[in-house]
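Listed here are the chains, written in short residue letters.
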Amino acid sequence: RAYELHVYEQCQHMDQAAVATQEDLHPETVRLIFQRWAKRTVQQQQRRQVRRLGVDEISLRKGHKQFAMVLSDLDCHCVIAVLAERSQEAFEQWLDRLSAAERKAICVVSMDMWGPYRGVVERKLPQAEIVADRFHVTKHLNEAIAKIRCTLQATADKAGYELLKGTRWILVRHRQDLNPAEEAKLQAVLAAFPELRTAYLLKEKFRMISDKIQDRPRAERFLKAWVYEAQASGLSQLVKFTQTLKNWWNEFLNYFNDRVTSGVVEGLNNAIRGTIRRAFGYHVFENFRLHVMVEHGKLATPLPPI
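Residues numbered from 1 in each chain as written. Predicted model: local features only at pLDDT ≥ 70, side-chain atom pairs only at ≥ 80, totals over all residues. Heavy atoms only, no water.

1. Brief notes about the overall build of the protein chain
Across its full length, the protein chain holds 17 helices and five strands. Each principal axis of the C-alpha atoms in the protein chain carries an extent, and together these give about 75 × 45 × 30 Å. Pairs at least 24 apart in sequence give 62% of the contacts found in the protein chain among residues at least 6 apart. Carbon and sulfur atoms make up 52% of the accessible area of the protein chain, which amounts to about 15,900 Å² in all. (Helix = DSSP H or I, 4+ residues; strand = E, 2+ residues; numbered from the N terminus. Contact = heavy atoms within 4.5 Å. Areas by Shrake-Rupley, 256 points an atom, 1.4 Å probe, with all protein chains shown as cover.)

Shown next as structure tokens:
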């Protein structure tokens, strides 16, 4: 039993084929040992009351539109559940399995801008404050900037096309993070394309509002002025973004109450992608779920039974 525990712990940091080679065991033996101990670990976990819940999804297989829903405790920085599909029904069923006290304890839910998640939380957790994740909101704005650049590049002459080439990431990165060569390239592009200059300055102003303002009423005043400027710019991509922002207006303003973000969730998702790469992907969802919970759920390893 102690040796099985040793093999199980090795599987938490290495792929199972490498563990089989290292321990001179058959790969199937290693797989069965891991599954047996992982199931025991997950079954013996004590459910904690979550105060701030993070909701996001992760792609299981690139290019196959196959997603799993990842639920995280933003205070403990750990995964608390992995659901086989990112659907409204799956989220509802998970919440229904919680006790009344566990549901009541959830006071903040941070999520990306996907309507079905919001509807579930409003029905099942009426006391919870919904926060539209700031980084997902900014991602939508960056996508609008990228579309403006692509439109200009498609209609530009050869010199303009070459000038815009390779500027995608320069336009969306923080200005203070640019090196001198990138800054010079940015200045040249903004001088040559007034529409892009307008969009870029609005993007930077939006980032400054998100970074610097600490209270909701003041943020609302600045954001209303920003929306007016964006709509007055006449850039269809920015106007479309303002409509999305208005649809999530209260949820985004909730970010300025306690500045809750899904940064913890994004960090966990990056770690989970490392788990997927190490295993060269998963064909069986239960194997994937067990690996994620064992590696990123902060679960106590059970002692070997005597």
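2. Some points on the environment of V239
Assignment of secondary structure puts V239 in helix 13 (residues 236-247). Spatially, the C-alpha atoms of V239 and Y228 are 9.6 Å apart, while their sequence positions differ by 11 residues. Those residues in contact with V239 that lie beyond four places of it in its chain are A230 and Q231.

3. As for the packing of helix 2 (residues 16-23) against helix 3 (residues 27-43)
Orientation of helix 2 relative to helix 3, taken along the N-to-C sense of each, is 115°, at an axis distance of 9 Å. Looking at the two axes, helix 2 sits roughly perpendicular to helix 3. Viewed along their axes, helix 2 and helix 3 form a crossing whose handedness is right-handed. Counted together, Q16, V19 and A20 of helix 2 and P27, V30, R31 and F34 of helix 3 form the full contact between these two elements. (Axes fitted to C-alpha atoms, helices over the stretch in contact; angles between N-to-C directions. Parallel < 35°, antiparallel > 145°, perpendicular 65-115°, else oblique. Left-handed = near helix turned anticlockwise from the far one by under 90°.)

4. Overview of helix 10 (residues 180-192)
With 13 residues, helix 10 ought to run about 18 Å at 1.5 Å a step, and its terminal C-alpha atoms sit 19 Å apart, in line with that. Residues E182, L186, V189 and L190 constitute the buried set of helix 10. Angular distribution of buried residues about the axis of helix 10 spans 95°; they occupy a single face of the element. Turned more than 90 degrees away from the buried face of helix 10, the exposed residues are P180, A181 and A191. The elements touched by buried residues of helix 10 are helix 8 (158-164), helix 9 (168-172) and helix 11 (194-212). Residue N179 occupies the N-cap position of helix 10, its side-chain oxygen lying 3.1 Å from the main-chain nitrogen of A181. (Expected span 1.5 Å × (residues − 1). Buried < 20%, exposed > 50% of the residue type's maximum accessible area, 1.4 Å probe, protein only. Arc of directions from axis to C-beta. Polar contact = N/O pair within 3.5 Å; in protein donor to acceptor, adjacent residues only side chain to side chain.)

5. What about the layout of surface pockets?
Here the largest pocket is characterised by a volume of approximately 850 Å³. As for the largest pocket, its lining consists of 28 residues, and the residues nearest its centre are F135, H136, K139, H140 and E143. Those elements giving two or more residues to the lining of the largest pocket turn out to be strand 1 (52-61), helix 7 (134-155), helix 9, helix 11 and helix 16 (263-278). When residues of the lining of the largest pocket are assigned to their parent elements, the largest contribution, nine residues, is made by helix 7. Considering the residues around the second largest pocket, the lining is formed by 19 residues, among which Q45, R47, I80, A81 and W94 are closest to the centre. Mapped by element, the contributors of at least two residues to the lining of the second largest pocket are strand 3 (78-83) and helix 17 (285-296). In terms of residues, the lining of the second largest pocket owes the most to one element, strand 3, which gives four residues. (1 Å grid on protein atoms, 1.4 Å probe; cavity = no way out; pocket = protein on both sides within 12 Å on 5 of 7 lines; lining within 4 Å. Points joined across faces, edges and corners; volume = space filled by probe spheres on them.)

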